[in-house]
Amino acid sequence: MGVQGLTTYVESNRNFLQDVKFRDSRLVIDGCSLYFRLYFSYGFDQQHGGDYDAFACFLNKFLSALETCNIEPYVLLDGGVDPSDKKFATLRQRLQSKIKEADSICHGRNGSVLPILVRKVFIQVLNQRGIPLVQCPAEADWEIACLAQQWNCPVLTNDSDFYIFDLPAGYLPLHFFQWTNLNGKASQRYIPSRCYTTNNLCRWFGGMNRELLPLCAVLTGNDYGAPKETETLLALIDVSALGRGGGRGRGKAPASRVEGILIWLSSFPNVTEALKEVSRLMDGAAGAGRRGQGGGLSSQLLAAMQEYNIKTQSSLAPWFSEGTLAQRGKTSGLAQLPECLSLAAARGQLSPMVLDAFVMQRVLLVPQVENNRLASSHCSSRPIRQAVYGILLQKAENPANPVSGAKLAKAGQVQMQGTRSDRGRGRGGGGRGQQGSEHLFNAAPVQTQSHGSGSPIFVEEYDRLDLNLSKKQVEPVILWNHIHLDGLSQAPAALRLGVLFEVLGVTQSALAPVPLHLQLAVAVTGFWLREATPAPSQPLLWALVIGMIYGELTLNNQPGAPRKIPVAPQLNWAAERGFLSALDRQRVRPGERRGVDVGAAHCLSQWQSCLWSALCLNQLLLVPLPEPNVTLLFSGTLVHGLFRYLKGGWPVESLLPGGSLSGQLCFCLLDAVKHCSLKANPSSFGSGKKKRGRGRGKRGRGGRGQSQGRGRVSEEINNRFALLMSEEEEEEED
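Residues numbered from 1 in each chain as written. Predicted model: local features only at pLDDT ≥ 70, side-chain atom pairs only at ≥ 80, totals over all residues. Heavy atoms only, no water.

### Here's the deal with the overall build of the chain
- When helices and strands are counted, the chain shows 30 helices and eleven strands.
- For the chain, the proportion of its 734 residues judged to be buried stands at 56%.
- Contacts in the chain between residues far apart in sequence, at least 24 positions, make up 77% of those at least 6 positions apart.
- About 30,500 Å² of surface is accessible on the chain, with carbon and sulfur atoms providing 49% of the total. (Helix = DSSP H or I, 4+ residues; strand = E, 2+ residues; numbered from the N terminus. Buried < 20%, exposed > 50% of the residue type's maximum accessible area, 1.4 Å probe, protein only. Contact = heavy atoms within 4.5 Å. Areas by Shrake-Rupley, 256 points an atom, 1.4 Å probe, with all protein chains shown as cover.)

Rendered as structure tokens:
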């Protein structure tokens, strides 16, 4: 939500905000507003896919500043889209705008596009720090206001709607929250800030009734829009407002639309009288033959004002004190979710994409910085999302005897508006990614059954087509490892893991040498190699994997950090630290004149989309594989810099210390990725063997007939890595 022009108006008048020394208090935080503010205001990378490590470090500093000042943060996150659809037109407009901005960033111009995994990093860091958080069923604004009112503590956000909510402890705009500039003595540190209360604003307008502020928001225009007759009313108000009003604006022309509306509203004692005037003005403008229209507009305005009517008791307070969720009404779409998934959603462990697919059968895909002349980066990951939709929306005909995936399997297609297929653009319409999606599952896409009606169920995906927002009808897919939503919590972990492996097209044996916390990332990378269009180059794969190694060693090299990778007694950490420094020198630096490699950016955007979709699927399956620490997996400026170095002809071995742990882990992961990129069940598909050999013999590691020798080396490295793992396990047992 947001009220047009209100932030500019309030922040331009110092009388509406007062300086505070904020400390020793609870603080309700709008989580989405916070991560947007931290990422964009402090200039983190957007052009290369995001620097998640730098963002996580900065977020940790923010949380440490709160801790220093004895501030207890409680974070609330937006969940799915408002099921009323009142805001859907605004969301589509924003998505279209972000597509244009992503293209602008890709070509070195200005724009603001949040990297796709920032939200995931934000949640993971909060969990690591033990910060209380909750993901709301839909937009969080109203829940934030209710909780802050009950606790009598301020709200930290950047949302202009909080200039309207009547909060006793006020609203701290992020713009004025100087957390990097702590003041005060050691035991009494505080954050300089500015606090807004509705009392200050209403006092400025002659003691205006605070209950009139929601009417100001609706008339001015917020994200939910305004009744179409509002512009006619505002034209009449602009005339009548001059010289009226009970506050500082009397006798002066209003400086802005917001001020004009506030001046006009300040002349009324309450909402009832203001709405009576609305009816009188509109009836007068309509003429004698069309009386009564004003009353209709008054009713619409009164209904829209209820968005700002906060309750004295928050439904989320018990979540923070007891970990329990309030009962949702039977009409709520989320009420149909199993309890295990409802709890996961509240913890932020179920993506809003999953909630939207379940409740709305609609998903808005986040634009990324990529080549707009090619198909959207989300096309390569669509088969993963189709599996998510299949699990969410398929109902068994007989719950006691679920229909098998084999019996339900039918050929299905992605139905698109305006185009038959967007997978193969630029490659003659039949590109590599298009073939890959046909052969992803043991069972083909199917026509699902909707709640006994027998009609097809589709999920609408809103995604980029060229530089326009396009809607596609995507059909859910049922897997051979058939699993129903209602039986998810009773399903054995092995079955849920089997579903994940089936969707990603990998086997447990291919992932066996890989540390458990990296297995999902490696499986996704193998999937990406099969599905991405154009095919990722070998230097790009190397750069991506070395970036993962960098993250692992960064974590293990921190003092007191728990080491997740194996440690041998002879390990030379000085050499590993030198390796980290050498990699850091390859980063793309801010302000470099050379532009981004658009081809590499497009491929890596596909990888991020695959990882994001796989994380959603893994969460839906109740996390059969541990989630990777996204902070450590990908740093865009590092991966792009490494790609540039390796593309220049330098061998990958030049970056790795001889006999080092980093080298062993790197080649272990590369070998596992290679095995994961081969279809797990090639006998099912005639084209699988052809794809497997396409270009790999010529381009294999080392090239020119060396691939077989490299295979023997990789096998030896895998054995050494397994030995190191066993040594670590023995040390833990001792």
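That shown, we press on.
### Digging into the nonpolar core
- Phe62, Phe177, Leu504, Trp528 and Leu620 are the most contacted members of the largest nonpolar core, which totals 137 residues.
- A total of twelve residues in this core trace back to one element, the largest contributor, which is helix α24 (residues 598-620).
- Apart from the residues within four sequence positions on either side, Leu504 is in contact with Ile384, Leu520, Ala523, Val524, Phe527, Arg530 and Ala614.
- If you look at the next biggest cluster of nonpolar residues, it comprises 66 residues, including Leu17, Val134, Leu215 and Ala346. (Core = buried A, V, L, I, M, F, W, Y, C linked by side-chain atoms within 4.5 Å.)

### Here we look at the environment of Leu495
- Positionally, Leu495 belongs in helix α19 (residues 493-504).
- The class of Leu495 is partly exposed, set by a relative accessible area of 30%.
- In contact with Leu495, other than residues within four places in its own chain, are Asn481 and Ile483.

### A short note on the pattern of salt bridges
- Across all of its chains, the model carries 22 salt bridges by this definition.
- For Asp85, the salt bridge identified is with Arg362, shortest N-O distance 2.4 Å. Of the two residues, Asp85 sits in the loop between β3 (71-77) and α4 (88-106) while Arg362 sits in strand β8 (residues 362-364), which places them 277 residues apart along the sequence.
- On the basis of relative accessible area, Arg362 is assigned to the buried category, the value being 10%.
- The partner of Lys98 in a salt bridge is Glu101, and the shortest N-O contact between them spans 3.5 Å. (Salt bridge = Lys/Arg side-chain N within 4 Å of Asp/Glu carboxyl O.)

### Re helix α6 (residues 141-151)
- A large share of α6 lies buried, amounting to eight of its eleven residues.
- Restricting attention to buried positions, one finds in α6 the residues Asp141, Glu143, Ile144, Ala145, Cys146, Leu147, Ala148 and Trp151.
- On the buried face of α6, the contacting elements are β2 (25-30), β3, β5 (155-157) and α13 (317-322).
- At the C-terminal side of α6, Asn152 shows a positive phi close to 55°.

### Some points on the packing of aromatic side chains
- Tallying each qualifying case throughout the model produces 29 aromatic pairs.
- Ring centres 6.4 Å apart and planes at 55° place the aromatic pair Phe62 and Phe177 in the tilted group. Of the two residues, Phe62 sits in helix α3 (residues 52-68) while Phe177 sits in the loop between β6 (171-173) and β7 (191-196), which places them 115 residues apart along the sequence. Residues Phe62 and Phe177 agree in their burial class; the two are buried. (Phe/Tyr/Trp six-rings, centres within 6.5 Å; stacked < 30°, edge-to-face > 60°.)

### Here we look at the layout of surface pockets
- In this model, the largest pocket occupies a volume close to 1,700 Å³.
- Lining the largest pocket are 50 residues, with Cys32, Tyr35, Phe36, Asp78 and Arg94 positioned closest to its centre.
- Where the lining of the largest pocket is concerned, the elements lending two or more residues are α2 (31-41), α4, α5 (118-129), α15 (352-359), β8 and α24.
- When residues of the lining of the largest pocket are assigned to their parent elements, the largest contribution, five residues, is made by α2. (1 Å grid on protein atoms, 1.4 Å probe; cavity = no way out; pocket = protein on both sides within 12 Å on 5 of 7 lines; lining within 4 Å. Points joined across faces, edges and corners; volume = space filled by probe spheres on them.)

### Looking at the pairing of β3
- Within β3, six of the seven residues are buried, which leaves it mostly tucked inside the rest of the structure.
- As defined by bridge partners, β2 adjoins β3 across six bridges and the pair is classed as parallel. When the sheet's bridge partners are listed, Arg26 is paired in β3 with Glu72.
- Here β3 runs beside strand β4 (residues 133-135); their pairing, made up of three bridges, is parallel. Residue Leu77 lies in a different strand from β4, and its bridge partner there is Gln135. (Pairing = 2+ DSSP bridges.)

### A closer look at the environment of Phe58
- Within the secondary structure, Phe58 is located in helix α3.
- Take Phe58: its relative accessible area is 15%, and that puts it in the buried class.
- Sequence separation between Phe58 and Tyr39 is 19 residues; the distance between their C-alpha atoms is 8.9 Å.
- Leave out the neighbours within four places in its chain, and Phe58 touches Leu38, Tyr42, Phe44 and Trp179.

### Section: the confidence of the model for the chain
- Of the residues in the chain, 77% have a pLDDT of 70 or more, and the chain-wide mean is 82.
- Note on residues 242-247: pLDDT is under 50 here. Beyond four places in sequence and across chains, it has 22 contacts.
- In the predicted structure, residues 396-452 sits below a pLDDT of 50 and forms 140 contacts with residues beyond four places in sequence or in another chain. (pLDDT = per-residue confidence, 0-100.)

### Quick look at unusual backbone geometry
- That bond from Thr533 to Pro534 is cis: its omega, -5°, falls within 30 degrees of zero.
- Backbone geometry places Asp24, a non-glycine residue, at a positive phi of 50°.
- By the secondary structure assignment, Asp24 is in the loop between β1 (17-22) and β2.
- In the Ramachandran plot, Gln361 falls in the positive-phi region, its phi being about 50° despite a non-glycine side chain.
- One can find Gln361 in the loop between α15 and β8.
- When its relative accessible area of 29% is taken as the criterion, Gln361 is described as partly exposed.

### With respect to the packing of α3 against α5
- The contact between α3 and α5 brings their axes to 10 Å, and the two run at 40°. Between α3 and α5, the interaxial angle falls into the category oblique. Read as a crossing pair, α3 and α5 show a hand that is right-handed. When α3 is examined against α5, the residues Tyr52, Phe55, Ala56, Leu59, Asn60, Leu63, Ser64 and Glu67 are found in contact with a partner set consisting of Val118, Val121, Phe122, Val125, Leu126 and Arg129. (Axes fitted to C-alpha atoms, helices over the stretch in contact; angles between N-to-C directions. Parallel < 35°, antiparallel > 145°, perpendicular 65-115°, else oblique. Left-handed = near helix turned anticlockwise from the far one by under 90°.)

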